[in-house]
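Residue-level structural notes
Residues per chain, in single letters:
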Amino acid sequence: PIGVELVNSSFAMPLCEPERFHDLWGRIVDALPTGGRFSGQWYGPRDSWVGRPGITFLSREEATALLSGFDVEMFEEEEADSTTPRGKPKHWHIFHIVARKR
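The present account deals with the structure reproduced in this document. In this text, all values refer to a predicted model and were calculated from it rather than measured experimentally. (Residues numbered from 1 in each chain as written. Predicted model: local features only at pLDDT ≥ 70, side-chain atom pairs only at ≥ 80, totals over all residues. Heavy atoms only, no water.)

1. Some remarks on the packing of aromatic side chains
Each aromatic ring pair is described using two quantities: the centre-to-centre distance and the angle formed by the ring planes. According to the stated counting rule, one finds eleven aromatic pairs in the structure shown. The interplanar angle of 75° and the centroid separation of 6.0 Å between the aromatic rings of Phe 21 and Trp 42 together place this pair among those described as edge-to-face. Within this pair, whereas Phe 21 is found in helix H1 (residues 18–31), its partner Trp 42 is found in strand E2 (residues 37–43), the two being separated by 21 residues in sequence. The two residues Phe 21 and Trp 42 agree in class, both being buried. Of the aromatic side chains, those joined through ring pairs into one cluster are Phe 11, Tyr 43, Trp 49, Phe 57 and Trp 92. It is Lys 90 that lies over the ring of Trp 49; its NZ or CZ is 4.2 Å from the centre. (Phe/Tyr/Trp six-rings, centres within 6.5 Å; stacked < 30°, edge-to-face > 60°. Helix = DSSP H or I, 4+ residues; strand = E, 2+ residues; numbered from the N terminus. Buried < 20%, exposed > 50% of the residue type's maximum accessible area, 1.4 Å probe, protein only. Lys NZ or Arg CZ within 6 Å of the ring centre and 35° of its normal.)

As C-alpha cells, then:
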C-alpha cells in the first residue's frame, strides 16, 4: 500500500455505512506509516441522527479502542444543540480526533 502522512476526514467517516466502517478504518490505518496522522470526527451515540441508515455511531469506548495503535494528540468530545449546514436543528455528539500512528 501507498503510505500517506495525513488522512483528514472532516465529518466524512460517520457517513460510512456501519457494515463497512471497520474495513474503511483498517484501510486508513494500513495507509498511514509510522508517524502518520489521522484527523477527523466520529459521531457518538447521543447524536440526534442515531437510527438513520448509512451512518456509523461509536461509543467513547469503541472510538478509543480503534485508536489503540496511535498516540492520541487530541480527543475532544462535544455535545451541543446547533444546526446542520442546511440550517436544520440538530443535537451533535461528536468526537474530534487527531492521532499519530505508533
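Once the structure has been displayed, the description carries forward.
2. Notes on the nonpolar core
The tendency in soluble globular proteins is for nonpolar side chains to be buried side by side. Grouped together as the largest cluster of nonpolar side chains are 19 residues, with contacts concentrated most on Trp 25, Phe 38, Trp 42, Leu 67, Phe 70 and Ile 97. Contributions of two or more residues to this core are made by H1, E2, helix H2 (60–66), strand E3 (70–83) and strand E4 (89–101). Filtering out sequence-adjacent residues up to four positions away, Ile 97 remains in contact with Phe 38, Ser 39, Gly 40, Trp 42, Leu 67, Met 74 and Phe 75. In terms of nonpolar packing, the next biggest core, distinct from the first, is built from six residues, Tyr 43, Trp 49, Trp 92 and Ile 94 among them. (Core = buried A, V, L, I, M, F, W, Y, C linked by side-chain atoms within 4.5 Å. Contact = heavy atoms within 4.5 Å.)

3. Structural notes on the sheet that holds strand E1 (residues 6–9)
Judged by pairing direction, the sheet is mixed, and its four strands sit side by side in the order E1-E2-E4-E3 without closing on themselves. Looking at strand neighbours, the two that pair on one side only are E1 and E3, the edges of this open sheet. Strand after strand, the sheet turns through a mean of 15° between neighbouring axes, direction not considered. Note that E2 and E4 share seven bridges and pair antiparallel. Each bridged residue has a counterpart across the sheet, and for Tyr 43 the counterpart in E4 is Ile 94. Its contacts with the sheet place H1 against E1, E2, E3 and E4, and it is angled at close to 165° to E2. (Pairing = 2+ DSSP bridges. Axes fitted to C-alpha atoms, helices over the stretch in contact; angles between N-to-C directions.)

4. Describing the pairing of E4
As paired strands, E3 and E4 are joined by 13 bridges and run antiparallel to one another. Residue pairing across strands places Ser 82 opposite Lys 90, the latter belonging to E4. What sits between the antiparallel neighbours E3 and E4 is a turn of five residues, in which Gly 87 has the positive phi angle 85°.

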